[in-house]
Amino acid sequence: MPEAGTRADGGVVPKRTEIDQARGGDVHDGHPDPDELGEAYAAVLAGYVRHLALQRNLSAHTVRAYQGDVAGMLIHLRRLGLGSLGEATLSSVRSWLAKQGSLGQSRATLQRRAAAVRTFFRWAHQTGLIPADPAAKLRSPRTVRRLPPTLEQAEATEMMTAALAAAAESDGPLALRDVAILETLYATGIRVSELAGLDLDDLDTHRRTLRVLGKGRKERTVPIGGPALRALAVWLNGPRQTLAGPEAGTAVFLGAQGRRIDPRVVRRIVHQALRAVEGAPDLGPHGLRHAMATHLLDGGADLRSVQEMLGHASLATTQIYTHVTDDRLRRAYQQAHPRA
């Protein structure tokens, strides 16, 4: 993969592959010359990337997403003949967003990109790079919120039963690892990246909790149930040692090569497990996260507790991400309202 270049002043020119991520007509297909950004814009972008990584402590994946969106917008400004960031206006930024829409980008993508450039220009204004924030009044297109498909509780149980049966028929350690992965994802609702990043000392069997490093490297503690703890105990007390290679380190879950498991492997495990359940939707790890939250709410858990377990910064995110059955809402109304 092409590495980032270094300018004479010590600044970093973003990788070509990262500029490619701007796509949507803002960069050419293939591998555009990083000079398309221009020296002034490249310097600003490099400073912003350092801010995201070092001061905001965002993950590499999130930094790349921001970098790609902002790079595309900066290239658009340069093509408009704007040689410096201080020349950007609300109209010029809107024209970039409108171009994205004309090229068929989804509303969700447009909303994300608008949020990315608002954050970028706010940073540029706060750090004194520009005298005013041209994106302060930039609005995002409204998105249509759709509830994602989720597992019924019976389907989740059937998935676990099938995984246990497969493990009983297998002589190798991977099937027992897969059971532990499925149980942990459904029990805790953690993200696939959080599961792959688990270390041995993150598991507290006495308190029945997991310590998780989430988005923005924010740490939280989530409870974990008995079946998941038992599956983890089986995996850790034998099969893991059998599989562990020199690069295993303290990772809880390992891949077939004996080192920390890749999130893509976890996604494959979940898809394969659900194919064994007749009528179940084809979901990945995020689907088990959604199922966990939905089943908690159906069982009477309050929204704030679910928010904390999922690691959502905003309660609004949890309200969108989960759904409560109509029957449960009616029961809550009948129990709580004096004139129900």
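Shown above is the structure to which this text applies.
Heads up: these notes are all about the structure in this document. Everything numeric here is computed off the predicted structure, so don't read it as measured data.

Focus on the side chain of Glu155
- If you trace the backbone, Glu155 turns up in helix α6 (residues 153–169).
- An unpaired buried charge is present at Glu155: no salt bridge exists, and Arg275, the closest side chain of opposite charge, is 15 Å distant.

So, the packing of aromatic side chains
- On inspection of all chains with the given rule, the structure shows 5 aromatic pairs.
- With a centroid separation of 5.1 Å and 75° between ring planes, the pair formed by Tyr48 and Phe120 is classed as edge-to-face. Here Tyr48 is found in helix α2 (residues 39–55), whereas its partner Phe120 is found in helix α5 (residues 107–126), with 72 residues between them in sequence. Each member of the pair, Tyr48 as well as Phe120, carries the same accessibility label: buried.
- The exposure class assigned to Tyr48 is buried, which follows from its relative accessible area of 1%.
- Through a chain of ring-to-ring contacts, the aromatic side chains of Tyr48, Phe120, Phe121 and Trp123 assemble into a single cluster.

Describing helix α11 (residues 263–275)
- Along its 13 residues, α11 runs 19 Å from first to last C-alpha, staying within 8% of the 18 Å computed at 1.5 Å per residue.
- Where α11 begins, the side chain of Asp262 points an oxygen toward the backbone nitrogen of Arg264, at a separation of 2.8 Å.

Focus on helix α3 (residues 60–79)
- Counted at 1.5 Å a residue, the expected span for α3 with its 20 residues is 28 Å, and the 28 Å between its end C-alpha atoms agrees.
- Count one or two residues on from α3 and you reach Gly81, which has phi positive near 90°.

Side note on the nonpolar core
- Ranked by size, the top nonpolar core spans 46 residues in total, and within it Leu182 and Phe253 carry the most contacts.
- Within the residue set of this core, elements represented by two or more residues are α6, α7 (174–188), α8 (192–196), β4 (209–213), α9 (226–236), α11 and α12 (285–298).
- Counting residues in hydrophobic clusters, the runner-up holds 34 residues, among them Val44, Leu45, Ala88 and Val117.

Thresholds, definitions, all that
Residues numbered from 1 in each chain as written. Predicted model: local features only at pLDDT ≥ 70, side-chain atom pairs only at ≥ 80, totals over all residues. Heavy atoms only, no water. Helix = DSSP H or I, 4+ residues; strand = E, 2+ residues; numbered from the N terminus. Buried < 20%, exposed > 50% of the residue type's maximum accessible area, 1.4 Å probe, protein only. Lys, Arg positive; Asp, Glu negative; His and termini not counted. Salt bridge = Lys/Arg side-chain N within 4 Å of Asp/Glu carboxyl O. Phe/Tyr/Trp six-rings, centres within 6.5 Å; stacked < 30°, edge-to-face > 60°. Expected span 1.5 Å × (residues − 1). Polar contact = N/O pair within 3.5 Å; in protein donor to acceptor, adjacent residues only side chain to side chain. Core = buried A, V, L, I, M, F, W, Y, C linked by side-chain atoms within 4.5 Å.

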